[in-house]
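Secondary and tertiary structure notes
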Amino acid sequence: MTYQQILIIDFGGQYNQLIARRVRECGVYCEILPYKKATVEEVRRRAPAGIIFTGGPASVYLETSPHIDGEIFGLGIPILGICYGAQLMAYTLGGRVATAPKSEYGKTATEFEDSVMFKDVPKKGITWMSHTDYIAEPPKGFKITSHTAVCPVAAMENDERKLYAVQFHPEVNHTEHGTDMIKNFLVSACSCSCDWSMGSYAETAINSIREKVGDGKVLLALSGGVDSSVLAALLAKAVGSQLTAIFVDHGFMRKNEGDEVEAAFKDWDINFVRVNAADRFLARLEGISDPETKRKRIGEEFIKVFEDEARKIGRVDFLAQGTIYPDIIESGAGDAAVIKSHHNVGGLPEHVDFKEIIEPLRLLFKDEVRALGNTLGLSPKLVYRPPFPGPGLAIRIIGEITREKLEILRDADAIFREELEKDGIARNINQYFAVLTNNRSVGVMGDGRTYDYTLALRAVTTTDFMTADFAEIPYPLLGRIAARIVGEVKGINRVVYDVTTKPPATIEWE
Ligand code: XMP
């Protein structure tokens, strides 16, 4: 089965992934392509149902700015230009783009005319603007379909040629009816049927894995995180006992998580190997306080443990990796295409003999990975748990790691998460966890003096984990959590809440 596809041409804007997510939320499959690769031949080869030009940081009339071959407008494929993409469409087709007398940034009152893009959208509303240039005059054949107090062409379209442009960002939540506008483009202009779903995606993915793997052997390093767990489930459905999943339990997982991962997989028809390697990892980390050294050693040890186990199996054909879309999206900005590669646990094994790497999740966003896990029947507890860094609790214990500190943190962290989840507030928080600081302070418990650790609680809201806000947890709830932790966890006599944003702080403490 092939899907209708929307091609998103990336000019380096900050909301590009968001555009892709919105399109997929509308039930249409899409991929992002850096503008430098978006040649007319490539676009023809892909034959998308429609194209979206993203925003970008530049001015269209600078020589160094990203441009596009004008031929693309003549392919008969509907195109929606957003922000820089809108200006680029106007500029390339002979309209006039200029520096706006006044930049618009943020929520902006906007008026709309009858048009394909704004079908069933109220005539007045709020859009999210972020621009210093604007379209001063649309190209010939275009009609203006929206304006604001300072932006004469907040949207334009040439319905005959199926070309549409919006100066604002419909993909940003602050734009009222933004998703409806995108859907109008997808349905009315591109004739998309909006029937792409995780169920059909899973079926296609399973079939293509089977085709590729044949009767070969597949090896997976299961870290216990959401991505590798979902990948294990997908591979299990696709190739069953041809899969060996080696679950390296480094001993730094949250409370009961290692057992939950084992419980999720041990009855499946795959070769599931759990290696309880906590002793090895702790030995490698003895006396180590520096965060980067911790990360490095954990990464190295992970590979070593994995290799030791993999050697017992001998040659395999495929090594499966849980790479997901945000890890590989190339940025269209700048001269060199930057590829973000985030290997959770320290890169590739050197001493495992395999033919090829497969990355079946490479086109999915994190929330889609979760939806896929759900579709494949993994327990919601495993699929929807908050994100966890590869090195686990090891980078949530400041300073040297000991068994005792791990126990303390595990129990305190479990209480924090349990209370947030019970309250319901956890649904609105993107990451939440406890940090065991290296600080001890004086307290009083019963009639006695204590000299115990300070625990820090961290909870943030974020969309991309590049910037984050601290979550506004109500004081009474924080108070209850602190009381439970100092009451139930021996070794902690003080609890503090971290109220810094990222930047300047990071989300994790190490
Ligand atoms: P920071 O602390 O840099 O974290 O604001 C941003 C996001 O990345 C996660 N993180 C890691 N994930 N290995 C990982 O797999 C790591 O070493 C690592 N360090 C941070 C962090 O949990 C947050 O979601």
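The structure contained in this document is the topic of the report that follows. (Residues numbered from 1 in each chain as written. Predicted model: local features only at pLDDT ≥ 70, side-chain atom pairs only at ≥ 80, totals over all residues. Heavy atoms only, no water.)

Under the criterion given, the structure shown has 16 aromatic pairs. Note on Phe 112 and Phe 118: the rings are 4.7 Å apart at their centroids and 50° apart in plane angle, and the pair reads as tilted. The same class applies to Phe 112 and to Phe 118, which are both buried. With a centroid separation of 5.7 Å and an interplanar angle of 55°, the aromatic rings of Phe 265 and Trp 268 are classed as tilted. By relative accessible area, which is 0% here, Phe 265 ends up buried. When its relative accessible area of 23% is taken as the criterion, Trp 268 is described as partly exposed. Three or more aromatic residues joined by ring pairs form one cluster here, namely Phe 11, Tyr 35, Phe 53, Phe 73 and Tyr 84. The ring of Phe 388 carries Arg 254 above its face, with NZ or CZ at 4.2 Å from the centroid. (Phe/Tyr/Trp six-rings, centres within 6.5 Å; stacked < 30°, edge-to-face > 60°. Buried < 20%, exposed > 50% of the residue type's maximum accessible area, 1.4 Å probe, protein only. Lys NZ or Arg CZ within 6 Å of the ring centre and 35° of its normal.)

A few words now on the sheet that holds strand β3 (residues 50-53). Within a sheet, each strand pairs with its neighbour through backbone hydrogen bonds, oriented either parallel or antiparallel. The strand order across the open sheet built from 9 strands is β2-β1-β3-β4-β9-β8-β7-β5-β6, with neighbouring strands paired in mixed fashion. At either end of the open sheet lies a strand with only one pairing partner, and these are β2 (29-34) and β6 (124-137). In this sheet, adjacent strand axes meet at a mean angle of 20° when their direction is disregarded. Taken strand by strand, helix α1 (residues 16-25) contacts β1 (5-10), β2, β3 and β4 (79-82), and its axis lies near 160° from that of β2. (Pairing = 2+ DSSP bridges. Helix = DSSP H or I, 4+ residues; strand = E, 2+ residues; numbered from the N terminus. Axes fitted to C-alpha atoms, helices over the stretch in contact; angles between N-to-C directions. Contact = heavy atoms within 4.5 Å.)

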